[in-house]
Amino acid sequence: SEHAGNASHVSENACVSTFVFVLSAGGVLAVAFIYMWRRERSLAAVCWAASWATLYGAGLVITGAPHEPLAVIAASSLGLIFSILLFVGALAFAGRRIPRWVFPLSVAAVAVDVAAHFVIPPAATLFKVFTLELPALLAAAVIVARSTRTRAASLPERALGPTFVAIAIGLAFDLSRR
């Protein structure tokens, strides 16, 4: 009984520590966004800053209430929005017009994600990641990589495509651990 109380206390402390870490990371994220916006006032920069803000929001929500079903659904939807915004940012970065279907499709994708958590809860995350998030991330990687090959691009710009692929691999690896 005393051991169970200690384990609960340690688990609670770990949750609080993680939450404080995630919350403080928001300050670093805010500074990075301000720098990015001041350096390059473009739609791509705005989309990518917003994408990381949504991912931060997902982490904050799930860290604050990891076992709360609505928090899980909210974090999942924010993760999906992260991928969509990276994709839209890639289109803007490459100088492409943002297709009219992106916004309605994004709303529908989030609605399907939310519904999947109610209809097929165990498989909802797999469904979302493999049908929506990974394709969006990999498409963003291809769009950015092609764009940087056709013009004089800086090293950070050329690293964007491989970075998006690394994010997709990290997402798949994270799923394999669940």
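Residues numbered from 1 in each chain as written. Predicted model: local features only at pLDDT ≥ 70, side-chain atom pairs only at ≥ 80, totals over all residues. Heavy atoms only, no water.

**Student:** I'm lost on the side chain of Ser147 in this one. Help?
**Tutor:** As for its placement among the helices and strands, Ser147 is situated in helix H5 (residues 124-149). Accessibility expressed as a relative area gives 7% for Ser147, which makes it buried. (Helix = DSSP H or I, 4+ residues; strand = E, 2+ residues; numbered from the N terminus. Buried < 20%, exposed > 50% of the residue type's maximum accessible area, 1.4 Å probe, protein only.)

**Student:** When you look at the packing of aromatic side chains in this model, what are you seeing that I'm missing?
**Tutor:** Each aromatic ring pair is characterised by the separation of its centres together with the angle its planes make. Scanning all chains against the criterion turns up three aromatic pairs. Taking 5.8 Å as the distance between ring centres and 70° as the angle between the ring planes, the aromatic pair formed by Trp48 and Phe164 counts as edge-to-face. With Trp48 in helix H2 (residues 43-64) and Phe164 in helix H6 (residues 155-176), this pair connects stretches of sequence that are 116 residues apart. The pair Trp48 / Phe164 is uniform in exposure class, with both members buried. An aromatic cluster is defined as three or more aromatic residues linked by ring pairs; in this entry it consists of Trp48, Phe93 and Phe164. (Phe/Tyr/Trp six-rings, centres within 6.5 Å; stacked < 30°, edge-to-face > 60°.)

**Student:** Got a minute to help me understand the packing of H2 against helix H3 (residues 69-93) in this structure?
**Tutor:** Two elements in contact, H2 and H3, have axes separated by 8 Å at closest approach and are oriented at 165°. Put simply, H2 runs roughly antiparallel to H3. Regarding H2 and H3, the two cross each other, and that crossing is left-handed. Residue classes in the contact of H2 with H3 are distributed as 23 nonpolar, five polar and no charged. (Axes fitted to C-alpha atoms, helices over the stretch in contact; angles between N-to-C directions. Parallel < 35°, antiparallel > 145°, perpendicular 65-115°, else oblique. Left-handed = near helix turned anticlockwise from the far one by under 90°. Nonpolar A, V, L, I, M, F, W, Y, C, P; charged D, E, K, R; others polar.)

**Student:** For this particular structure, what's the right way to read a nonpolar patch on the surface?
**Tutor:** A cluster of nonpolar side chains, namely Leu70, Val112, Phe118, Val119, Ile120 and Phe127, defines an oily patch on the protein surface of about 590 Å² accessible area. Broken down by element, the residue count for the nonpolar patch peaks at three residues, all from helix H4 (residues 102-119). Among the secondary structure elements, Val119 is positioned in helix H4. On the basis of relative accessibility, which here comes to 66%, the residue Val119 falls in the exposed class. (Patch = residues over 30% accessible without salt bridge, like charges linked within 9 Å, V, L, I, M, F, W, Y side chains within 5 Å. Areas by Shrake-Rupley, 256 points an atom, 1.4 Å probe, with all protein chains shown as cover. Salt bridge = Lys/Arg side-chain N within 4 Å of Asp/Glu carboxyl O.)

**Student:** When you look at the packing of H3 against H6 in this model, what are you seeing that I'm missing?
**Tutor:** Running from N to C, H3 and H6 cross one another at 160°; their axes reach a closest spacing of 13 Å. The angle between H3 and H6 places the two elements in the roughly antiparallel class. In this structure, the crossing between H3 and H6 has a hand that is left-handed. Note on element contacts: H6 touches H3 through Glu157, Leu160, Phe164 and Ile167, opposite Phe82, Leu86 and Phe93. A class-by-class count of the residues in the contact of H3 with H6 yields six nonpolar, no polar and one charged. (Contact = heavy atoms within 4.5 Å.)

**Student:** Quick question: what am I supposed to make of the environment of Ala49 here?
**Tutor:** Mapped onto the elements of the fold, Ala49 is located in helix H2. The buried category is assigned to Ala49, whose relative accessible area is 15%.

**Student:** Quick question: what am I supposed to make of the pattern of salt bridges here?
**Tutor:** Once the charged atoms of two side chains with opposite charge are near each other, the side chains can pair. Going through the model one piece at a time under the given rule, you end up with one salt bridge. The salt bridge involving Glu133 is made with Lys128; its shortest N-O contact spans 2.8 Å. In this structure Glu133 comes out as buried when scored by relative accessible area, which is 3%. With relative accessibility at 6%, the residue Lys128 sits in the buried group.

Shape descriptors only; they carry no functional weight alone.
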